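Structural features, examined
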Amino acid sequence: MKERYPKVSVILLTYNCEKYLKRCLESLSRQKYPNYELIIVDNGSRDKSLEIIYSFVKKRRLKNVRVITLKRNFGYCEGNNIGARYSTGEFLVFLNCDVYTDDKLLFELVRTAMDNEKAGIVACKILYPNGRINSLGLIFDIYGATKLLGWLSKNNKYMEKGREVKIFSHHGACFLIKRKTFEEIGGFDSKLFLYYDEFDLAWRARLLGYDVILAPNARCIHYERPLLGNIFSKMKVYYIWRNRLRILLKNYSLKNVFRRFLFAIFLTIFGALFLSIFFRDCGYIIQALRALIWNLKKLKNTLKERIRIQSMRKIPDEVIEKNMLPYSKEIRETLRFLFEIRKK
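Residues numbered from 1 in each chain as written. Predicted model: local features only at pLDDT ≥ 70, side-chain atom pairs only at ≥ 80, totals over all residues. Heavy atoms only, no water.

1. Considerations on the overall build of the chain
Each helix and strand in the chain was counted, giving 12 helices and 12 strands. Taking 344 residues into account, the globule formula puts the C-alpha radius of gyration at 20 Å, and the chain, at 20 Å, falls close to it. Projected onto its principal axes, the C-alpha coordinates of the chain cover approximately 55 × 45 × 45 Å. Here the chain, with 344 residues, has 55% of them falling under the buried criterion. The long-range fraction of contacts in the chain, counting pairs at least 24 apart against all pairs at least 6 apart in sequence, stands at 81%. Here the chain has roughly 16800 Å² of accessible surface; of this, 56% comes from carbon and sulfur atoms. Charge-centre separation for the chain: the mean point of 64 positive side chains lies 3 Å from the mean point of 34 negative side chains. (Helix = DSSP H or I, 4+ residues; strand = E, 2+ residues; numbered from the N terminus. Rg over C-alpha atoms; globule rule 2.2 N^0.38 Å. Buried < 20%, exposed > 50% of the residue type's maximum accessible area, 1.4 Å probe, protein only. Contact = heavy atoms within 4.5 Å. Areas by Shrake-Rupley, 256 points an atom, 1.4 Å probe, with all protein chains shown as cover. Lys, Arg positive; Asp, Glu negative; His and termini not counted. Charge placed at Lys NZ, Arg CZ, Asp CG, Glu CD.)

Structure (structure tokens):
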């Protein structure tokens with residue numbers, strides 16, 4: 001990295017996270033990077049989050065901190081957009097409040113960003129408290145289903161020290177994006193609210209020719225608080241199904257959008273039926289219908305966004321899909337699950 005320290009804006013979004021907040025702020029206060037500001041956006045917390053924030057800032061006499069209090073929960077996407085509008089840094093680092101940062105995190109993220117001109121987004125190695133991998137980034141199949149790189153493993157080929165790796169997408173808990181890239185792609189899609197936001201952001205950056213790179217020595221610990229319950233929470237699958245359809249409709253070219261989008265609708269219905277049968281709960285079917293109806297209601301806005309995104313496109317689908325799984329991850333995993341049950 002060149003011997004200069006461009007300003008970094010760390011945007012910390014908080015929402016009812018009093019359990020994790022002090023640990024997160026402590027780790028940020030120990031950052032060794034000399035030129036950064038901390039922008040804390042509170043998304044209408046109803047617990048003691050704001051009390052903890054103000055107490056910490058006052059006790060440490062921190063001068064590079066700005067606290068923005070919102071009257072209601074605007075969600076992950078718009079909450080971070082608001083934080084970005086108040087920021088002044090050349091680089092933006094978005095951080096969840098349940099993350100504990102290594103003291104060299106900003107150094108390593110900035111180093112990788114500056115050493116790679118085409119890097120629009122820089123991901124870090126996200127670990128669980130027990131040392132196992134939470135995420136080294138995300139990979140998606142061509143229908144939008146996601147997979148965490150390195151999940152739950154201790155070692156991974158991407159963990160080799162000093163090795164920068166191109167990945168499809170970062171994990172939203174902690175990552176850097178160049179301000180130029182963020183503004184060029186139009187920031188987060190506020191309609192998504194939460195979940196799949198990193199998929200959308202990375203895809204749109206890739207459409208403009210930017211790379212997403214895993215910083216070899218940047219790491220943090222993710223305590224991963226359950227926002228909407230476990231992986232099979234009905235509210236969680238609703239947001240995932242809903243947002244995936246909007247993202248596919250926005251970001252695929254005309255040549256591929258219909259076949260990918262229509263098959264994703266099938267996968268949504270298939271997933272809802274499977275989960276309803278497995279858990280004996282028809283609530284999943286209701287959530288799938290909600291996801292489809294929401295996309296129908298937002299269709300005009302989605303098509304407007306699609307026109308904007310496609311008018312800026314520089315990279316064809318064929319290049320984008322080389323970094324995606326060429327099959328349906330959901331169908332493959334369902335078949336594997338059924339095969340394992342049959343064996344037993």
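2. A short note on the pattern of salt bridges
All told, the structure shown has 19 salt bridges when counted by the stated rule. Among the ionic pairs, lysine 7 bridges to glutamate 37, the shortest N-O distance being 3.6 Å. Placement of the pair is lysine 7 in the segment before β1 (8–14) and glutamate 37 in strand β2 (residues 36–42), with a sequence separation of 30 residues. As a salt-bridge pair, glutamate 108 and arginine 111 come within 3.5 Å of each other at their nearest N and O atoms. With a gap of three residues between them, glutamate 108 and arginine 111 both fall in helix α4 (residues 105–115), about one helical turn apart. Judged by relative accessible area, which is 12%, glutamate 108 ranks as buried. Taken together, the salt bridges that share partners define one network made up of Asp189, Asp200, Arg204, Arg246 and Lys250. (Salt bridge = Lys/Arg side-chain N within 4 Å of Asp/Glu carboxyl O.)

3. Concerning the side chain of glutamate 321
In this fold, glutamate 321 is placed in helix α11 (residues 317–321). When its relative accessible area of 18% is taken as the criterion, glutamate 321 is described as buried.

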